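# Descriptive analysis of the structure
What follows is each chain in one-letter form.
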Amino acid sequence: MRRSIAHSPAIDCQAMDASKPLRFIPSNPKKPRFNLCIVLAAVAVSLAVFFFLFAAAAAGGRDRSEKRGGFGIVIDGGSTGTRIHVFEFSAEGEIPVLEMVGSGKSVVMSMKVSPGLSDYAEDVDGAGRSIVELLEFGKGKVPKERWGETEVRLMATAGLRRLEVASQERVLESCRRVLRSSGFRFQDDWASVISGSDEGIYAWIAANYAMGSLGGDPQQTTGIIELGGASAQNAAYESLRKLLESGDLKLSAESVQAGISSLDPCTPSGYSHGVQSGMLPSGVLSLKSMSLSTLHARGNFSECRSAALMLLQKGKGECMYKHCRIGSTFIPHLQGKFLATENFFYTSKFFGLASTASLSDLILAGKQFCGEDWFRLKKKYHSLTQEDLLHYCFSSAYIVALLHDSLGFALDDKRIQFVNQVGGMPIDWALGAFILLKTDNPGGRRGLITNILGDDPSSLLSLFIVSTVLVFTVCSISKWRKPQLKTIYDLEKGRYIVTRVNR
Ligand SMILES: *[C@@H]1O[C@H](CO)[C@@H](O)[C@H](O)[C@H]1NC(C)=O
C-alpha cells in the first residue's frame, strides 16, 4: 500500500525539487510554494496541451491510451465471507470515472463466497480454492483481451487480522498461488491484510466519492458511521446476552423477584431461549441450552435501549478525558453530514423507513416491534430466518443508544442518512480502495510519460515537458488529497476514529 506521497502542495514541490532535475524551481524556500505550484501547474497545463496537440498531429492519429479506461478487481476478504468487486472505469490519472455496469444500476459487479478466509487457517489450501470461483466470476465480467492488464488486489480485514501473523501469511500465500495463475495482473504484495483504519479511510473515500464531495471543502465532507459489519453486530448482541445472564443488569424490580431468571428486554415475548437452542449444532446443545434458558424474553424497547447503552458505556469509569461518550473513548464533536451504513441501513430498511428517516421514526418502529408477540412476528416476516428476525429489536435499540444517547445526535437530526449506496455507488471500502489505487497508480503515470516521450527520449524538450507534467500531476492530485477529516465509528475496535486523510 502506498502511503501518503505528500502532506501539502508545498511539500510536493520540495519533494520534486529533491528527486527530479527541476531547475526552474527557485531555491528560496521562504517563497509561498503554493502559488508556485499553481504557476507551475498552469505552465505545465499549457505546455502539456500544446505538446499533446503536437504529438497527436505527429503521431498521425495513432491510438493514444493515456485516457483509456479499463477494469479493476478488488477482493474483500471479510470475516464472514470473501467478496469480489469488479469495477469498470473510463479515465485514469486523476479521480477515475466509474462506469455503470451489469444491469446498469450499479458501478460494481460483485459476488460473495462463504465462509471467510480466516476459516481456512487449518486448511490453507482451501483458502486458495475458495477464491477460484470468484476469479471465474471476474473472468466472465472482464473481456478476455483485457485480463492481462486488469489488476487484481486481495485485501483481507477483521477475520484474518485476528489470526497470528504466521497463519495470516500462510492463508495469503495460498491465495497468491491462485492469483498468480489467474490470468489477471497480480503482484505478491497485492494480497495483504489491511488495518482497521485503512478500511475506514477507504470507506470514507467511497462515501465522499459517491456524494461528490471528494476534493472539496473538508467541512463539507461526509462522515461514515458503521457498526463494523455483521460479525461486530453479532458480537455486540452476544455481549448483551452475557451482560443479561450475568445478572449485572437489573432492569426492573420484577426480575430481581424472579430470582434465577433474568429478563431479556431485547427479545419479543413468546420467544423461548431454551427451546430455540435446537438451532445450535447438536454437540453443544445441552450445555448451551442450559445457560440460555435462564433468560426470559420480554421485549421492551425502552429497557432494551438502556441495556444497549450500558453495553456501550462499559468501562466509562476508566475515561481519561473530561468527557467520554462511548466507554472510555473520547469522541470529538461531530460535524457535517453522516452516512449510516451496513447494519444501520439494513435495520432501517427492515422497518420500512426512508433513508432520511429520523431517530424518532426508528424509536416508534422499534417500540412496536420489541413489544410485539414473537409468534405474530414470525408469521408476519415468514420469509426471514428466525435468527435474523431475532436481532431487529436489539438493532433498533442499539442504534438509538449509540447515535442519540452516546453520540448526542438529536432525535430529529437530519444530518444522518441511512444508506448503503448513493447513485449506484456502494458505500463500501472496496470502492474507496479501488479509487485510491486508480488515482495513485504509478504504472499509469509512467505510461503517460512514456507516451509523451514518444520515440525521442533524449530530446531536451521532452525532458522539460516530462518534468512539468510531473509537477502538474503531483500538484493536481495533492489538491484533492489535502488533509481532510474523516470520522468513522469502528465497533470492532470499539472506538470512533477521527483522522486526517492526507494521501
Ligand atoms: C417498558 O419498560 C418501561 C421501563 O421499565 C416501562 O415504564 C414501560 O411501561 C414498559 N413498557 C411496556 C409496554 O411494558
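The rules behind each value
Residues numbered from 1 in each chain as written. Predicted model: local features only at pLDDT ≥ 70, side-chain atom pairs only at ≥ 80, totals over all residues. Helix = DSSP H or I, 4+ residues; strand = E, 2+ residues; numbered from the N terminus. Buried ≥ 20, exposed ≤ 12 C-beta atoms within 10 Å, placed from the backbone. Contact = placed C-beta atoms within 7 Å. Expected span 1.5 Å × (residues − 1). Bend = angle between axes of the 7 residues up to and from the residue. UniProt positions renumbered as here; feature names shortened; annotations may be inferred. Core = buried A, V, L, I, M, F, W, Y, C linked by C-beta atoms within 7 Å. Pairing = 2+ DSSP bridges. Axes fitted to C-alpha atoms, helices over the stretch in contact; angles between N-to-C directions. Parallel < 35°, antiparallel > 145°, perpendicular 65-115°, else oblique. Left-handed = near helix turned anticlockwise from the far one by under 90°. Nonpolar A, V, L, I, M, F, W, Y, C, P; charged D, E, K, R; others polar.

Attention now moves to the overall build of the chain. A tally of regular secondary structure across the chain gives 17 helices and 14 strands. Classification of the 503 residues of the chain by burial places 39% in the buried group. Considering only intrachain contacts with a sequence separation of at least 6, the fraction spanning at least 24 residues in the chain is 74%.

Attention now goes to helix H3 (residues 124-141). Spanning 18 residues, H3 covers 28 Å between terminal C-alpha atoms, matching the ideal 26 Å at 1.5 Å per step. Of all the bends in H3, the greatest measures close to 25° and is centred on Glu 133. Three or more residues of H3 are buried, namely Ala 127, Ser 130, Ile 131, Leu 134 and Gly 138. In this structure, the buried side of H3 is in contact with strand S1 (70-77), strand S2 (82-89), strand S3 (108-113) and helix H5 (165-180).

This next bit is on the UniProt feature "active site" (unreviewed entry) in the chain. Under the UniProt annotation, the feature "active site" (unreviewed entry) is placed at Glu 199. Relative to the helices and strands, Glu 199 resides in helix H6 (residues 196-211). Given 27 C-beta atoms within 10 Å, Glu 199 falls into the buried group. When sequence neighbours within four positions are dropped, the list of residues in contact with Glu 199 reads Thr 157, Ile 194 and Trp 429.

Membership of the largest hydrophobic core comes to 92 residues, with the highest contact counts inside it found for Ala 206 and Ala 397. The element best represented in this core is helix H14 (residues 386-406), accounting for twelve residues. Those residues in contact with Ala 206, other than ones at most four positions away along the chain, are Met 425, Ile 427, Asp 428, Trp 429, Leu 431 and Gly 432.

In this chain, Ser 114 is followed by Pro 115 through a cis amide linkage whose omega measures -5°. Mapped onto the elements of the fold, Pro 115 is located in the loop between S3 and H3.

What follows deals with the environment of Leu 243. Structurally, the position occupied by Leu 243 is in helix H7 (residues 229-246). In the structure, Leu 243 is positioned 64 residues away from Ala 307 in sequence and 8.5 Å away in space, judged by C-alpha atoms.

Turning next to the pairing of S2. Counting buried positions along S2 gives six out of eight residues, so the element sits mostly inside the fold. Pairing geometry for S1 and S2, over eight bridges, is antiparallel. Paired with Ile 75 across the strands is Ile 84, a residue of S2. Hairpin remark: S1 followed by S2, antiparallel, with four residues in the connecting loop. As paired elements, S2 and S3 share six bridges and run antiparallel to each other.

What follows concerns the sheet that holds strand S4 (residues 151-156). The five strands lie next to each other as S3-S2-S1-S4-S5, forming an open sheet whose pairing is mixed. Two strands lie at the open edges of the sheet, namely S3 and strand S5 (191-193), each paired on one side alone. Mean inter-strand twist for the sheet, computed between neighbouring axes without regard to direction, equals 20°. Most of the contacts of H5 go to S5, to which it runs at about 155°, and overall it touches S4 and S5.

Running from N to C, H3 and H5 point in directions that differ by 40°, and their axes come no closer than 8 Å. With respect to their mutual orientation, H3 and H5 come out oblique. Of the two elements, H3 crosses H5, and the hand of that crossing is right-handed. Every residue of H5 that contacts H3 at Val 124, Asp 125, Ala 127, Gly 128, Ile 131, Val 132 and Leu 135 is listed here: Arg 170, Val 171, Ser 174, Cys 175, Arg 177 and Val 178. Classifying every residue of the contact of H3 with H5 by side-chain character gives eight nonpolar, two polar and three charged.

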